[in-house]
Structures are given as C-alpha cells and as structure tokens.
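The primary structure of each chain is shown beneath.
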Amino acid sequence: WSQVVSEAEKIVGYPTSFMSLRCLLSDELSNIAMQVRKLVGTKHPLLDTARGFVYDSRNNLQMRGLVVLLISKAAGPSTADLSFQHNMVSGIYSSQRSLAEITELIHTAFLVHRGIVNIGELKSCDGPLKDMQFGNKMAVLSGDFLLANACTSLAQLQNTKVVELISSAIGDLVQGIYYENSKLSEENCLTDDIGISTWKEQVFLSHSALLAKSCQAAMELAKHSAEIQDMAFQYGKHMSMSHKLHSDLQPFVKESSSDTMVFSLNSAPAVLHQEFLGREAWIKQIREVNSSLQEAIKAGKGVTSAIDLCRGHGKRALAALERFPPSEARATLANIVYAVTRFP
C-alpha cells in the first residue's frame, strides 16, 4: 500500500502528505494545536487523531485527495476545454488540486469530530473530567474550523454543480455517522440488526460518498461529459467500498494470529456471519463464546463472503477505469484497487 501511494505521489507531482499544509500552518490552527497539548496524559481520542496526521503512513490519511488528483490526471482535459490547458500543471488543473485539498479538509474535519467522547461512559483511568470536557470542546471547534475552511475554498471554485456535489457529500457523511451512532445509547444493544445491503448503504454514506462525489466533481471542473463524470463516481464509490471492506477484514485475515486485533461487531464479516447464522443464534453466540468470538466468525462463512464482496467492488472500480485512456495515472488507480483487494 505504501509503495502504491509513493508511486502515485510522483505521478501527480504533489506530496499529498502536505495536502492540508496551508490550513494546518495557519495561526488559528497553530493555536488549537497548542491547546491540544493540554490533553497529553489523558486518553482523549483527539490526541490519537492529531498523532495520525503526523505519523500515519500505513493507513494514509490523505488517500482521498490523492485519488482525486490521479483521476483528474487520468481523464486529462476535455475536448470542450482546450483553451484552458495552459492552466494545467503535471496534467492537473489548479481547480482540481484545490478540490483535492477540500476533500481532505472535509475528511479531516469529520475525523476530528469523531473524537468526541461520551462523558457518561468515562472511567477514572481515562483522565480528569475537566480535561476530557476540554478535549471535546477542542474537537468540536477544530473540526468546525477545518470544515469552514473547506466551505470557503469550495465557494472560491465558483462552480455551482461542484458546490452542490460536495455539499451533498457532507450531508451524506453526517447521515452516515448518525446511523453509526444511533443505537449506541440503547441498552442491551450488542449489534445492529442489519443485513449486508443496509450495511452497504450506511458505509456508502459514511465512507464512500465523499470520494465518489469528489471524483465526479473533478471531472465537472474539467468540463468532461456526464458519462465520464459517472465513471469517475463509480470508481470512487467502489474503490472506497473495497478499502472499507479490506479494513474490516484485517482482524480476521492477518497472518500473525498471536495478536488479537480489535474488531467491530458491525463490521462486514460480522454482519455477513449474522446473516448466515440468524439473529437469535448470533446474539446467543456473542453471549456464550465471548473471548473466542473472533475464531467463531473465522470458522463461519462471513469472512470468505466479505473477501468476495471486497473483490467484487474492486472489479467494478476497475471496469469504470476502462473508460479512461491508458496512462500511468490510470495504472496507479488500478494498483490502488489491487492493493485493497489482495489478501494473504
């Protein structure tokens, strides 16, 4: 994965690890960073999020912006917009680079907002109550600051359709996160009673909509046809679905079984396992097997079905790429799909 990302950055001529650097180096955010230091010594998730921006190359937090740049280069200029080719650098319009930054700012803002903790569920080992409350305030304010910057930059693109697309993606994110958290407060609710089709709808909203609509918006900025815009949307949607499935599968397919990785009971393998097993038998299994639940899911059909689903979305992403002319950028977009659909 890291190798694919490194090659992609060379192709677009843009180190995406600095995608949001202009915003992150602003006086306002520097002040926020100084305040966040007060949380050192607590277990507030905002600290982990902040560390991730600096150190996390394994999951590559900047993946969305990079894909927007790659698909912009793969599509190139449209025949309807030949007069503006002099505005291109490394085959990408400056407006498309701005869009990539906007996409990353929105994603980062929601990552920060996800770091708000439920004060009612805190334990004494998490840190002093006043520090955790302060951390929540910082998560809300810094997330809002990033989102406001993204919206300002979005308006500066002066393209109504692009504003509409990205605004709807923000709405999708909010709705997706609401679904994720809507049942957390219900007593005795071990898992959501959902099938894989509902899981896919929710994951599209919370993980895929932003990338899919950003890819489409990048084509709109270059005045490409509705067909090319749809192919870009399909690539963004299916690649990010594969990415999410790949992430969900890691605790079940890692070769080093000595380390038991934490997994969600609402991850794709668990949801598929529940579908095969039936709701009542699933709840009974959760209560009975407890620590060996991960092995129970591995022994069922959920994991292999999730791998098939991941590869299925990967194939649809590759099919969408066929509408783009052969190029280094297109090959790298394909390599990203191969990276998230390969399993040991």
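These figures come from a predicted structure and were not determined experimentally.

## Digging into the overall build of the protein chain
Item 1. When its secondary structure is counted, the protein chain shows 15 helices and 2 strands.
Item 2. When the 344 residues of the protein chain are sorted by exposure, 50% land in the buried category.
Item 3. Surface accessibility of the protein chain: about 17100 Å² in total, with carbon and sulfur atoms responsible for 53%.

## A closer look at helix H11 (residues 268-277)
Item 1. The buried fraction of H11 amounts to 7 of the 10 residues, a majority that puts the element mostly inside the structure.
Item 2. Here H11 has its buried residues at Ala268, Pro269, Ala270, Val271, Leu272, His273 and Gln274.
Item 3. Tucked inside the fold, the buried residues of H11 contact helix H9 (196-221), helix H10 (226-253), helix H12 (279-289), helix H13 (293-299) and helix H14 (302-321).
Item 4. Once H11 finishes, Gly278 follows within two positions and takes phi at roughly 100 degrees, a positive value.

## Topic: the packing of aromatic side chains
Item 1. All told, the structure shown has 3 aromatic pairs when counted by the stated rule.
Item 2. On the numbers, 6.2 Å between centres and 50 degrees between planes, the contact of Tyr178 with Tyr179 is tilted.
Item 3. Taking the relative accessible area as the measure of exposure, Tyr179 reaches 30% and is therefore partly exposed.
Item 4. An angle of 55 degrees between the planes, with centres 6.3 Å apart, marks the rings of Phe204 and Phe233 as tilted.

## Remarks on the environment of Leu245
Item 1. Looking at where Leu245 falls in the secondary structure, it is placed in helix H10.
Item 2. In this structure, the C-alpha to C-alpha distance between Leu245 and Ala306, residues 61 residues apart in sequence, is 6.9 Å.
Item 3. Discounting residues that sit within four places of it in the chain, Leu245 has contacts with Trp199, Ala268, Ala306, Leu309, Cys310 and His313.

## Focus: the side chain of Asp172
Item 1. Topologically, Asp172 is positioned in helix H8 (residues 160-181).
Item 2. Exposure remark for Asp172: the relative accessible area of 12% places this residue in the buried category.
Item 3. The residues touching Asp172, leaving out its near neighbours within four places in the chain, are Leu205, Ser206, Ala209 and Lys213.

## With respect to the pattern of salt bridges
Item 1. Applying the stated rule across the entire model yields 4 salt bridges.
Item 2. In this structure, the salt-bridge partner of Glu227 is Arg323, at a minimum N-O distance of 2.7 Å. Here Glu227 is found in helix H10, whereas its partner Arg323 is found in the loop between H14 and helix H15 (328-340), with 96 residues between them in sequence.
Item 3. Glu227 sits in the partly exposed class, given a relative accessible area of 42%.
Item 4. Here Asp248 ties to Lys244 by a salt bridge, and the two come within 2.8 Å at their closest N and O atoms. You can see Asp248 and its partner Lys244 sitting in helix H10, 4 residues apart, about one turn around the helix.

## Comments concerning unusual backbone geometry
Item 1. The backbone of Gln158 sits at a positive phi, close to 55 degrees, despite the residue not being glycine.
Item 2. Relative to the helices and strands, Gln158 resides in the loop between helix H7 (129-156) and H8.

## A look at H9
Item 1. Relative to the 38 Å expected for 26 residues at 1.5 Å per residue, H9 spans 35 Å between its end C-alpha atoms, a close match to the ideal helical length.
Item 2. Most pronounced at Ser208, the bend in H9 amounts to some 65 degrees.
Item 3. Of all the 26 residues making up H9, 21 are buried; the element is thus mostly covered by neighbouring parts of the structure.
Item 4. Lys223 sits one or two residues past H9 and shows a positive phi near 60 degrees.

## A word on the packing of helix H6 (residues 94-113) against H7
Item 1. Interaxial distance between H6 and H7 falls to 8 Å at its minimum, and their mutual angle equals 165 degrees. Here H6 lies roughly antiparallel to H7, going by the angle between them. The interaxial crossing formed by H6 with H7 has left-handed handedness. The residues of H7 that touch H6, namely those facing Ile102, Leu105, Ile106, Thr108, Ala109, Phe110, Val112 and His113, are Ala139, Val140, Ser142, Gly143, Asp144, Leu146, Leu147, Asn149, Ala150, Ser153 and Leu154.
Item 2. Of the residues assigned to the contact of H6 with H7, the class counts are 12 nonpolar, 6 polar and 1 charged.

## Structural notes on the packing of H10 against H15
Item 1. Across the interface, H10 lies against H15 with an axial gap of 9 Å and an inter-helix angle of 25 degrees. In terms of their interaxial angle, H10 and H15 are classed as roughly parallel. Viewed along their axes, H10 and H15 form a crossing whose handedness is left-handed. Here Tyr235, Met239, Ser242, His243 and His246 of H10 come into contact with H15, specifically with Leu333, Ile336, Val337, Ala339 and Val340.
Item 2. Residue classes in the contact of H10 with H15 are distributed as 7 nonpolar, 3 polar and no charged.

## Some details on the confidence of the model for the protein chain
Predicted coordinates in areas of low pLDDT are best not read in detail.
Item 1. Per-residue pLDDT for the protein chain has a mean of 81; in total, 77% of the residues score no lower than 70.
Item 2. Model confidence for the protein chain, summarised as mean pLDDT per element, is weakest for helix H2 (residues 21-24) at 52 and strongest for H14 at 96.
Item 3. Within the model, the stretch residues 54-60 combines pLDDT values under 50 with 8 contacts to residues more than four positions away or in other chains.

## Considerations on the environment of Gln175
Item 1. Within the secondary structure, Gln175 sits in helix H8.
Item 2. Taking the C-alpha atoms as reference points, Gln175 and Leu205, 30 residues apart in sequence, are found 6.8 Å from one another.

What counts as what
Residues numbered from 1 in each chain as written. Predicted model: local features only at pLDDT ≥ 70, side-chain atom pairs only at ≥ 80, totals over all residues. Heavy atoms only, no water. Helix = DSSP H or I, 4+ residues; strand = E, 2+ residues; numbered from the N terminus. Buried < 20%, exposed > 50% of the residue type's maximum accessible area, 1.4 Å probe, protein only. Areas by Shrake-Rupley, 256 points an atom, 1.4 Å probe, with all protein chains shown as cover. Contact = heavy atoms within 4.5 Å. Phe/Tyr/Trp six-rings, centres within 6.5 Å; stacked < 30°, edge-to-face > 60°. Salt bridge = Lys/Arg side-chain N within 4 Å of Asp/Glu carboxyl O. Expected span 1.5 Å × (residues − 1). Bend = angle between axes of the 7 residues up to and from the residue. Axes fitted to C-alpha atoms, helices over the stretch in contact; angles between N-to-C directions. Parallel < 35°, antiparallel > 145°, perpendicular 65-115°, else oblique. Left-handed = near helix turned anticlockwise from the far one by under 90°. Nonpolar A, V, L, I, M, F, W, Y, C, P; charged D, E, K, R; others polar. pLDDT = per-residue confidence, 0-100.

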